[in-house]
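Observations on chain architecture
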Amino acid sequence: MEEPATRELEMSLSDGNVTSDDDMPLTLPTDGSLSGSFRKGCDPFAQTQRSKLQHRRARINQQINKEMRMRAGAENLFRATTNNKVKETVALELSFVNSNLQLLKEELEELNSNMEVYQTDSEAINVPMIPLGLKETKEVDFAVSIQDFICEHYGEESSLYDKELKELMELRQAMRTPSRNQAGLELLMEYYNQLYYLDQRFFPLHRNLGVHFHWYDSLTGVPSSQRTLAFEKGSVLFNIGALYTQIGARQDRSATAGIDRAIDAFQRAAGAFNYLKENFSNAPSLDMSGPSLCMLVRLMVSQVQECVFERVTLATRDTHFTSQLRRAQEAARVSDVYLLVQQTMTQPLMKDYVPFSWASMVQVKSEHFRALSHYYAAVALCDHTLSAEEEEEEEEEEEECDEEAEKAFLQLYVSSPAGPPLGQLLRDPEKRRKLGKAHLRRAVIRHEEAMRVHGLCKILRKMDILQDVLSITHKRSLDKYSELDREDDFDETAEAPEIQSQTHQKPDITPTNFSTVQVTDIFQRLGPLSVFCARARWGPVRVIGLQKREDGMGLTLRGDSPVLVAGVVPGGCAAEAGLREGDYIVAVDGQDCKWAKHAEVVQMLKSCSERGVELSVVTLQSHDTQLERRAILLSHRSDKENTRQRLTGGAKGQSSASLLNWNRKKTREGDGVTKRLGSTFSLSFGSIRDTEAMY
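Residues numbered from 1 in each chain as written. Predicted model: local features only at pLDDT ≥ 70, side-chain atom pairs only at ≥ 80, totals over all residues. Heavy atoms only, no water.

1. What about the overall build of the protein chain?
Defined as follows: Under the DSSP-based scheme used, a helix requires at least four consecutive residues in state H or I and a strand at least two consecutive residues in state E, with every element numbered from the N terminus. For every residue, the accessible area obtained with a 1.4 Å probe (protein chains only) is divided by the maximum for its type, and the residue is called buried under 20%, exposed over 50%, and partly exposed between those limits. Here the accessible surface of atoms and residues is derived via Shrake-Rupley with a 1.4 Å probe, and residues count as covered only by protein chains that are part of the display.
The secondary structure content of the protein chain amounts to 22 helices and eleven strands. Looking at the protein chain residue by residue over its 695 residues, the buried ones come to 52%. In the structure as shown, the protein chain presents an accessible area of about 31,800 Å², 49% of it carried by carbon and sulfur atoms.

Structure below.
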């Protein structure tokens, strides 16, 4: 399958510019049968707990924006004035503003730390997950800028596209309040895919449309504003990842099906954040910066690993020795990945940015799962029995189990503990008891550390379910330790060795597949993107009157959507009327034919009356018209490929990974004028033999 030409956009986000290889999203047929979005956002006035949270967050964001403006004005006045009395007054006002800002940010942090709103309603006792709130945005009015561009660039009456403008505005308004399910995700993806068309139709390479996109930082509420569409794309993509975290957090993880759904959601959230991290440079807000996105990816991977541990615990309810060791190693793996997240959160840029409740929760989980790993290792050692202690008729079967148990035990530790070999230790009940007691001692210490960190965070103390989990597991370890403790046990408890972390399912970072959501270009009536886009330049529409002659009209047509005038006979009717080689036919007798096929245009010409026919044509302009025409005449494709290109916009030929790619500046071999014109302006025509004909 032949891939459509790649369109490159070079910009840098620091000054509203980016580098982008935009990917055409999957589209529906362009006959208008499915125009308009059938996906709607949530009712913004519905008083659900989550909507109340979002409303409070939006209100605080606006207040923070107001206070920051006041602070900026006061700082400018302080620097500009030479009056000491004015300086004292301004300094006092600045102290009040900074105090208000600090209070607002603390209130916003408390809202962002409100994890219980997003958790499942199930009565099962599970450790809560960390979801991410959506980025808030202001309303954007595209109308005036797009209307002006349609008049100026496309030479059409902008009022003819009022319906399309209204549809675009409604779609953006809906995506501000997506529902917390698959429909909400599809709504965000639909808008994201429409941004591709919006970029191609109305955002030229070296000119700004003048539309400002305002978004608030998801954690601090600090506003950011840019005129580049890349900022809008990145913010929508961030919200897709955030919505996946909320969907994952609300799953009922008391059953395998719910765990699998949570794993899928967190892996897709990691994929969205990872894609943003790799393709977004010079982020205007801290939540979309490299360190922040790296932290979010690791956090999502850790939550996937936690879900894997829960599934292993559900699937292996037996108390077999190897099953207990497997749980111990899975728990150690969860502890390790959360420890990595904790280290990421303590980096200089992240330390003062990440909510304290998040950092506390991550540390609690790291300690909690390390305690569980030692607990399961202790249970495996203390409850294990060897074949020598069983009935003789089961001796052969038990010997096989012993070999499997010994092999698993040899792989349990990072390094072998001092003393007798592990195989010999496994056969001595008293040594097993003492090693198990050492593991339980470490488990109790880790549980108590987790409870201590939990008690230091006011927000975590309010989470009853977390308190219940920590208390239950701590009591379980204490009870087991009491069972093993003896009055005559005067030996000092040995130090338990570190458990080797291991998992039977490594988390995947699942990239977002935007092609699953089919969209139709809202402004498709402007014509095929291959010609009628913001990057192309052409002259004004010319109306050519043609009269039929006995020797024909004297022109050669090729391709479709739109049909190209491939040749004009010198001295013929078309040449005398002013038709030129390289013109595109956009209307016949006032009937729009930008999307018309070759045969349809030919039929219109043949059915014209004796008075003749009027053709509306446009001519593409470039620095070298001959090179452009040469590129046009050399681009030949089959009718089948041309039809597919027109209907799908080339989505199947490109990967979703090229939708953003803003910071990649690719150099191509032979990137001269001819290649640029060929990839930007040329149409996919059928073969000369099949579609070219003289009339």
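Still more to cover.
2. Here's the deal with the packing of aromatic side chains
Stated precisely, the cut-off is as follows: Aromatic pairing here means that ring centres of Phe, Tyr or Trp (its six-membered ring) are within 6.5 Å. Orientation follows from the plane angle: under 30 degrees is stacked, over 60 is edge-to-face, and everything else is tilted. Two limits define a charge over a ring: the Lys NZ or Arg CZ must be within 6 Å of the ring centre, and within 35 degrees of the ring normal.
Using the criterion set out here, one finds eleven aromatic pairs in the structure. For the ring pair tyrosine 154 and phenylalanine 202, a centre distance of 6.2 Å and an interplane angle of 80° mean the geometry is edge-to-face. Of this pair, tyrosine 154 sits in helix H3 (residues 143–154) while phenylalanine 202 sits in helix H5 (residues 182–202), placing them 48 residues apart in sequence. Directly above the aromatic system of phenylalanine 238 lies the positively charged group of lysine 135, at a separation of 5.7 Å from the ring centroid. The ring of phenylalanine 532 has lysine 594 lying over it, and the distance from NZ or CZ to the ring centre is 5.9 Å.

3. Concerning the packing of helix H7 (residues 256–279) against helix H8 (residues 290–315)
Inclusion rule: All axes are obtained by fitting lines to C-alpha atoms, using only the stretch in contact for helices, and the reported angles, taken between N-to-C directions, cover 0 to 180 degrees. Every angle not falling under 35 degrees, over 145, or within 65 to 115 is termed oblique; those three ranges are roughly parallel, roughly antiparallel and roughly perpendicular. Crossing chirality is assigned from the near helix's rotation relative to the far helix, an anticlockwise turn below a right angle marking it left-handed and a clockwise turn marking it right-handed.
As a packed pair, H7 and H8 sit with axes 9 Å apart at the nearest point and diverge in direction by 165°. In terms of orientation, H7 lies roughly antiparallel with respect to H8. Every pair of crossing elements has a handedness; the one defined by H7 and H8 is left-handed.

4. Considerations on the pattern of salt bridges
Heads up, the condition is: The salt bridge definition used is simple: a Lys or Arg side-chain nitrogen within 4 Å of an Asp or Glu carboxyl oxygen.
Taken as a whole and assessed by the stated rule, the structure comprises 25 salt bridges. Linking glutamate 139 and arginine 176 is a salt bridge whose minimum nitrogen-to-oxygen distance equals 3.8 Å. Of this pair, glutamate 139 sits in the loop between helix H2 (84–112) and H3 while arginine 176 sits in the loop between helix H4 (162–175) and H5; the two residues are 37 residues apart in sequence, bridging distant segments of the chain. Residue glutamate 139 is classed as exposed on the basis of its relative accessible area of 60%. Here the salt bridges share partners, and the residues they tie into one network are Asp336, Arg370, Arg442, Glu495 and Glu498.

5. Quick look at the pairing of strand S4 (residues 223–226)
Operational definition: Think of it this way: DSSP has to see at least two bridges between two strands before they count as a pair.
Burial along S4 is one-sided: the face carrying Ser224 and Gln226 is buried and the face carrying Pro223 and Ser225 is not. When strand S3 (residues 213–216) meets S4, the two strands line up antiparallel, connected through four bridges. Paired with phenylalanine 213 across the strands is glutamine 226, a residue of S4. Between S3 and S4, which pair antiparallel one after the other, the connecting turn spans six residues, and glycine 221 there sits at a positive phi close to 80°.

6. Concerning H5
What counts is decided by this rule: Helix span, expected: 1.5 Å multiplied by one less than the number of residues in the helix. Polar contact is the term for a pair of N or O atoms within 3.5 Å; when the atoms are in protein, one must be able to donate a hydrogen and the other to accept it, and sequence-neighboring residues count only if both atoms are side-chain atoms.
The terminal C-alpha atoms of H5 lie 30 Å apart, and with 21 residues this matches the ideal 30 Å at 1.5 Å per residue to within 8%. Here H5 lies mainly inside the structure; 18 of its 21 residues are buried. The N-cap residue of H5 is asparagine 181: its side-chain oxygen and the backbone nitrogen of alanine 183 are 3.1 Å apart.

7. Quick notes on the confidence of the model for the protein chain
Inclusion rule: Within a predicted model, pLDDT stands for the predictor's per-residue confidence, ranging from 0 to 100. It only takes one pair of heavy atoms within 4.5 Å for two residues to be counted as in contact.
In this model, the protein chain carries a mean pLDDT of 77, and residues with pLDDT of at least 70 account for 74%. Ignoring residues within four places in sequence, the model shows residues 386–393, a span with pLDDT below 50, making twelve contacts including any to other chains. This model gives residues 623–690 a pLDDT under 50, and the stretch forms 163 contacts once residues within four places in sequence are excluded.

8. Looking at helix H18 (residues 598–606)
Using the following cut-off: The arc in question is the one traced by the directions running from the helix axis out to the C-beta atoms.
All buried positions along H18 are accounted for by His598, Val601, Val602, Met604 and Leu605. Seen end-on, H18 carries its buried residues on one side only, within an arc spanning 160°. Residues Ala599 and Lys606 are exposed on H18 and point more than 90 degrees away from its buried face.

9. Some thoughts on the nonpolar core
Rules: In this description, a nonpolar core means a group of buried Ala, Val, Leu, Ile, Met, Phe, Trp, Tyr and Cys residues linked to one another through side-chain atoms lying within 4.5 Å.
With 133 residues, the main nonpolar core has Ile146, Leu198, Phe202, Trp358, Phe409 and Phe523 as its most contacted residues. Counting residues per element, this core draws most heavily on helix H11 (residues 356–382), at 13 residues. Once residues within four sequence positions are removed from consideration, phenylalanine 202 is found in contact with Ile146, Phe149, Ile150, Tyr154, Leu209, Phe523, Leu526 and Ala534. The next biggest cluster of nonpolar side chains, apart from the first, holds 22 residues, and it includes Ile544, Leu546, Val565 and Val601.

10. Observations regarding the environment of phenylalanine 202
By relative accessible area, which is 0% here, phenylalanine 202 ends up buried. Here the alpha-carbon distance between phenylalanine 202 and arginine 535, two residues 333 residues apart in the chain, equals 8.7 Å.

11. Some thoughts on unusual backbone geometry
For residues that are not glycine, phi is negative in most cases, and the peptide bond is trans in most cases. At the junction of serine 561 and proline 562, the peptide bond is cis and its omega measures out at -10° in the coordinates. Position of proline 562 relative to the elements: it lies in the loop between strand S6 (555–558) and strand S7 (563–568). The backbone of serine 561 sits at a positive phi, close to 55°, despite the residue not being glycine. For serine 561, the location among the structural elements is in the loop between S6 and S7. Classification of serine 561 as buried rests on a relative accessible area of 5%. Unusually for a residue other than glycine, aspartate 589 sits at a positive phi of about 55°. If you trace the backbone, aspartate 589 turns up in the loop between strand S8 (583–588) and strand S9 (591–592). On the accessibility criterion, aspartate 589 (41% relative accessible area) is partly exposed.

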